[in-house]
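Working through the structure, step by step
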Amino acid sequence: MPAKYHIKIRPEPPRHKPIGKYCIIDWREDCSSCHNCVKRECAYSVYNDERDRLQHVAEDYVEYLYECKGCLCCVQSCTKGLLTQRVNPEYLAMGDDVWNADIISGTWFQAETGKIPVSGAGYPGPFRGPGFDSILTDMSEIVRPTRDGIHGREYISTHIDVGRKPMKLEFNADGSLKTDFPTQVEIPLPVIFNMMPWHSPSANVSQSILDAANELGTFAITDDPMLAANDAAMPHISKDAKGDPAISRLAQWDDCPDVMEKIKAAKAANPSLVAIVRLPLESIDRAVDLVKAGVDGLHAYADWEGVAGNGKHISIAVRDLHHALIAQGIRDQVTLFASGGISLAEHVIKTLLCGADAVCVDVPLLIALECRVCKNCRQGIKCPIGLENVDHDYAVHRIVNLMGAWHSQMLEMMGAMGIREARRLRGEAGRAMFFDDLERDCFAPVFGKRVEVK
Ligand code: SF4
Ligand code: SF4
Ligand code: SF4
């Protein structure tokens, strides 16, 4: 059995005070000054800190107000009912509908600690929503428990193989292998790092992303020829021929009419190269043609909010592409990467269940470096967190921590689904329930069709 893949996490505190969610409003004029004030019982010492900060008039007092964890203990226990919880309006204003405040702050926590975010107050949200939230995973097949669980001796592999696979093996008369086996690149996570969707980050951020990929044993797509020598570099060759695949193990081309000729020329110079073609998720006919023409892999992309060019969510568009390749009998030949709108560890698993072999992740890497998804940089406005000036080691640690937390969550989900191999997740729709299908096939015949109330 190969050595267990382990991501070494280490705490990496933020450079800026995170924007907190909750605060407690305190009406002091009616306070009875009871001896056992509930404020002393705050498990997070928020009120002790308040006293200290008030005494020292700290500059960050306003930010401190939102350190409350929202457990509601003090609100419920105050003998005079003086305390009220409120949500920070600055928190609510962060991000947008897809990259919302909870995703951003959860990603900050994971990048800081490398740990899975846990809510002590239970799950307060709805049980279905749009996009990935309309997919439920079947957690009824728990992997045989051992004394030290799935993070101990139990072996659950998140490795995948990237490259073209032969559909059959042929042998010579002497028993030796006749089939010319194409190059495979094994990566320990079904995740590679994508280029950023709205602008190229500064040179030190790009270098940090590559070095984090290197530490994790995965790859980062880059169109900067200066970074091609990095072991983790996966050069991106666009129409204007940026990127240099001469010394890389993996490279990606933007789709174009003569892309297979370009790949052939690159492989003549670098025979062990694994070539991926990047194309829109909805270009199913073109994807089929490329696989029949011998491409090693496809990177099918949606936009950064997870919407394909035909308006479908990435989860549905990946299923369409996966099923089209199956219908042609060619699915097993290629590696399929999918990208766009993947913001949580569960989205990785769900995208694989829909039919991808792996995902390309982009915006979460910036959020790990404290990005607030304010999009100022798209308009040339100053970045509130000075992303371009991040320290290299800080950035590498935060990205590795985020992937460490995602890896732990993948193990948890795979363990609960009874799947020991990430390779087996691909298209394993038997472990997923799609709410729209359930509603159509199970609920509608009994309760009637859903009527949207406006
Ligand atoms: S428990 Fe409420 S009323 Fe009593 S001292 Fe604390 S804040 Fe005041
Ligand atoms: S709600 Fe909980 S975390 Fe917040 S101040 Fe009160 S006791 Fe502390
Ligand atoms: S300006 Fe800075 S914080 Fe805002 S989206 Fe761009 S990188 Fe993120």
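Attention in this report is confined to the structure presented alongside it. Here the structure is a predicted model, which is why all the values come from computation and not from measurement.

Of regular secondary structure, the chain possesses 13 helices and 14 strands. Computed over the C-alpha atoms, the radius of gyration of the chain is 25 Å, within 12% of the 22 Å expected from 2.2 N^0.38 for a compact globule of 454 residues. By its C-alpha atoms, the chain is 90 × 60 × 50 Å across when sized along the principal axes. Every one of the 454 residues in the chain was classed for burial, and the buried ones make up 47%. The long-range fraction of contacts in the chain, counting pairs at least 24 apart against all pairs at least 6 apart in sequence, stands at 68%.

On to the packing of aromatic side chains. Applying the stated criterion to the full structure yields 1 aromatic pair. For the ring pair F435 and F443, a centre distance of 6.3 Å and an interplane angle of 50° mean the geometry is tilted. Judged by its relative accessible area of 15%, F435 is buried. By relative accessible area, which is 35% here, F443 ends up partly exposed.

A complete count under the given rule lists 22 salt bridges for this structure. Notably, a salt bridge pairs R10 with E215, separated by 2.5 Å at the nearest N-O pair. Of the two residues, R10 is situated in the segment before β1 (22-26) and E215 in helix α6 (residues 203-216); the sequence distance between them amounts to 205 residues. E421 is paired through a salt bridge with R423; the nearest N and O atoms lie 2.9 Å apart. Using a relative accessible area of 33% as the deciding quantity, one classes R423 as partly exposed.

On to α6. The end-to-end C-alpha separation of α6 is 20 Å, in line with the 20 Å expected for 14 residues at 1.5 Å each. Listed in full, the buried residues belonging to α6 are V205, S206, S208, I209, L210, A212, A213 and L216. A positive backbone phi angle near 85° is found at G217, which sits one or two residues after α6.

This part is about the site of ligand 1. The environment of ligand 1 is formed by C31, S32, S33, C34, C37, V38, K39, C78, T79, K80 and L82. Considering only residue class, the shell around ligand 1 consists of 6 nonpolar, 3 polar and 2 charged.

Let us now look at unusual backbone geometry. The backbone of L72 sits at a positive phi, close to 70°, despite the residue not being glycine. Exposure remark for L72: the relative accessible area of 35% places this residue in the partly exposed category. Positioned with a positive phi, E370 is a non-glycine residue whose angle comes to about 80°. Relative to the helices and strands, E370 is located in the loop between α11 (363-368) and α12 (392-417).

The local shell around ligand 2 consists of I24, C42, Y44, V46, Y47, C68, K69, G70, C71, L72 and C74. Considering only residue class, the shell around ligand 2 consists of 9 nonpolar, 1 polar and 1 charged.

Here helix α5 (residues 101-113) contains 13 residues, and its C-alpha end-to-end distance of 18 Å stays within 8% of the 18 Å for a straight helix at 1.5 Å per residue. For α5, the full list of buried residues reads A101, I103, I104, G106, T107, W108, Q110, A111 and T113. Against the buried residues of α5 lie α4 (89-92), α11 and α12. The backbone nitrogen of D102 lies 3.2 Å from a side-chain oxygen of the residue at the head of α5, namely N100.

Looking at the element boundaries, Q409 is found in helix α12. Note on Q409: relative accessible area 19%, which makes it buried.

One finds F193 and M403 to be the most contacted residues of the largest nonpolar core, which totals 114 residues. A total of 13 residues in this core trace back to one element, the largest contributor, which is α12. In this structure, M403 is in contact with I7, L189, V191, F193, L216 and L365, ignoring residues within four places of it in sequence. With 10 residues, the next largest nonpolar core counts I24, C68, C78 and L83 among its residues.

Now for the environment of K312. You can see K312 is positioned in the loop between β11 (297-301) and α9 (314-327). The partly exposed category is assigned to K312, whose relative accessible area is 33%. Separated by 291 residues in sequence, K312 and K21 have C-alpha atoms that sit 32 Å apart. Setting aside chain neighbours within four positions, we find K312 in contact with G306, V307, A317 and D320. Within the structure, the side chain of K312 is placed 2.7 Å from the side chain of D320, a separation counted as a polar contact.

Structurally, P225 can be placed in the loop between β7 (220-222) and β8 (233-237). Among the residues examined, P225 registers a relative accessible area of 48% and is labelled partly exposed. Sequence separation of P225 and E29 is 196 residues, and the distance between their C-alpha atoms is 65 Å.

Next up on the list: the environment of L216. Among the structural elements, L216 can be located in helix α6. L216 sits in the buried class, given a relative accessible area of 2%. Put simply, L216 and A308 are 92 residues apart on the chain and 29 Å apart in space, counted from C-alpha to C-alpha. Excluding residues within four positions of it along the chain, L216 makes contact with Y5, I7, P188, F193, V400 and M403.

In the contact formed by α6 and α12, the axes pass within 8 Å of each other and the chain directions differ by 45°. Between α6 and α12, the crossing angle belongs to the class labelled oblique. Read as a crossing pair, α6 and α12 show a hand that is right-handed. For the pair formed by α6 and α12, the contact residues are Q207, S208, I209, D211, A212, E215 and L216 on the first element and H392, A395, V396, I399, V400 and M403 on the second. Looking at the contact of α6 with α12 residue by residue, the class counts come to 8 nonpolar, 3 polar and 2 charged.

Cut-offs and rules
Residues numbered from 1 in each chain as written. Chains lettered and ligands numbered in written order. Predicted model: local features only at pLDDT ≥ 70, side-chain atom pairs only at ≥ 80, totals over all residues. Heavy atoms only, no water. Helix = DSSP H or I, 4+ residues; strand = E, 2+ residues; numbered from the N terminus. Rg over C-alpha atoms; globule rule 2.2 N^0.38 Å. Buried < 20%, exposed > 50% of the residue type's maximum accessible area, 1.4 Å probe, protein only. Contact = heavy atoms within 4.5 Å. Phe/Tyr/Trp six-rings, centres within 6.5 Å; stacked < 30°, edge-to-face > 60°. Salt bridge = Lys/Arg side-chain N within 4 Å of Asp/Glu carboxyl O. Expected span 1.5 Å × (residues − 1). Near = heavy atom within 4 Å. Nonpolar A, V, L, I, M, F, W, Y, C, P; charged D, E, K, R; others polar. Polar contact = N/O pair within 3.5 Å; in protein donor to acceptor, adjacent residues only side chain to side chain. Core = buried A, V, L, I, M, F, W, Y, C linked by side-chain atoms within 4.5 Å. Axes fitted to C-alpha atoms, helices over the stretch in contact; angles between N-to-C directions. Parallel < 35°, antiparallel > 145°, perpendicular 65-115°, else oblique. Left-handed = near helix turned anticlockwise from the far one by under 90°.

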